[in-house]
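Residue strings, one per chain:
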Amino acid sequence: MSVPQRFAYVPRDPSLGNASLAPMLPLTLIKGQSVETFGLVDSGAAINVLPYSLGVQLGFDWGQETRSVELSGNLATVEARVVVLSAVVGSFPPVRLAFAWAQTDAVSVILGQVNFFLEFDVCFFRSQSQFEVRPKP
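So, here is what we can say about the structure in this document. (Residues numbered from 1 in each chain as written. Predicted model: local features only at pLDDT ≥ 70, side-chain atom pairs only at ≥ 80, totals over all residues. Heavy atoms only, no water.)

Further remarks concern the pairing of strand 4 (residues 24–31). Looking at chain direction, strand 4 and strand 5 (residues 33–41) are connected through 8 bridges and run antiparallel. Pairing of Met24 across the sheet is with Leu40, part of strand 5. Joining the antiparallel neighbours strand 4 and strand 5 is a turn of 1 residue, in which Gly32 adopts a positive phi near 80 degrees. Where strand 4 meets strand 7 (residues 80–89), 4 bridges bridge the pair, whose relative direction is antiparallel. Each bridged residue has a counterpart across the sheet, and for Ile30 the counterpart in strand 7 is Ser86. (Pairing = 2+ DSSP bridges. Helix = DSSP H or I, 4+ residues; strand = E, 2+ residues; numbered from the N terminus.)

Shown next, in the form of structure tokens:
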């Protein structure tokens, strides 16, 4: 079994201090080329979400991606396409992650139930401003 890796919560708005701390996971997304980014680890999100410009940077073409997916909440009016790519988290082996590639940049990378939480176990230690990630057994 893999040893979990710990990550620190990151301030999303430094002017708000500790109230803005969030579990932002550093990861590398790979599809042809690789892009280093941060994803919000969100156990309340149904699916992974990828912002539009990041998808373009990875080499996706909106016109070529035809499988659509419906988003909810504040993204309910945003069109999205299903894309699959590889991701590297910490020193763990790469995994395949499916994303709803949103046609907006008004969202960060979101790591949700499908399928980030199917590939990784996560423990949140909010009082310590840390979280732990471990690949599924």
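After presenting the structure, the write-up continues.
What the 3 strands build is an open sheet, ordered 1-11-10; its pairing is antiparallel. Edge positions in the sheet fall to strand 1 (5–8) and strand 10 (120–125), since each of these pairs with one other strand and no more. Adjacent strand axes in the sheet meet at a mean angle of 25 degrees when their direction is disregarded. Here strand 1 runs beside strand 11 (residues 130–135); their pairing, made up of 4 bridges, is antiparallel. Each bridged residue has a counterpart across the sheet, and for Gln5 the counterpart in strand 11 is Val133. (Axes fitted to C-alpha atoms, helices over the stretch in contact; angles between N-to-C directions.)

Let's shift gears to the packing of aromatic side chains. Enumeration according to the criterion identifies 10 aromatic pairs in this entry. Here the aromatic rings of Tyr9 and Phe131 are separated by 5.9 Å at their centres, their planes lie at 80 degrees, and the arrangement is edge-to-face. Residue Tyr9 is found in the loop between strand 1 and strand 2 (10–11), and its partner Phe131 is found in strand 11; the two are separated by 122 residues along the sequence. When its relative accessible area of 0% is taken as the criterion, Phe131 is described as buried. (Phe/Tyr/Trp six-rings, centres within 6.5 Å; stacked < 30°, edge-to-face > 60°. Buried < 20%, exposed > 50% of the residue type's maximum accessible area, 1.4 Å probe, protein only.)

Within the secondary structure layout, Thr37 lies in strand 5. Residue Thr37 is classed as buried on the basis of its relative accessible area, which comes to 18%. Not counting residues up to four positions away in its chain, the partners in contact with Thr37 are Leu25, Pro26, Leu27, Leu29, Leu54 and Val109. (Contact = heavy atoms within 4.5 Å.)

Moving on, we get to the nonpolar core. In this structure, Leu50, Phe116 and Val133 are the most contacted members of the largest nonpolar core, which totals 30 residues. When neighbours within four sequence positions are excluded, Leu50 is seen to be in contact with Leu29, Gly55, Leu58, Phe60, Val83, Leu85, Phe99, Ala100, Trp101, Ala102 and Val109. Ranked by size, the runner-up nonpolar core spans 10 residues in total, among them Leu71, Val78, Ala80 and Ile110. (Core = buried A, V, L, I, M, F, W, Y, C linked by side-chain atoms within 4.5 Å.)

This paragraph deals with the layout of surface pockets. Of the pockets and cavities examined, the largest pocket occupies roughly 240 Å³. In terms of lining residues, the largest pocket is bounded by 14 residues, among which Ala45, Ala46, Val49, Ser72 and Leu75 are the most central. A per-class count over the lining of the largest pocket returns 8 nonpolar, 4 polar and 2 charged. (1 Å grid on protein atoms, 1.4 Å probe; cavity = no way out; pocket = protein on both sides within 12 Å on 5 of 7 lines; lining within 4 Å. Points joined across faces, edges and corners; volume = space filled by probe spheres on them. Nonpolar A, V, L, I, M, F, W, Y, C, P; charged D, E, K, R; others polar.)

Taken as a whole and assessed by the stated rule, the structure comprises 3 salt bridges. Note that Glu132 and Arg6 form a salt bridge whose closest N and O atoms lie 3.0 Å from each other. Pair noted here: Glu132 is in strand 11 and Arg6 is in strand 1, with a separation of 126 residues, a long-range link. (Salt bridge = Lys/Arg side-chain N within 4 Å of Asp/Glu carboxyl O.)

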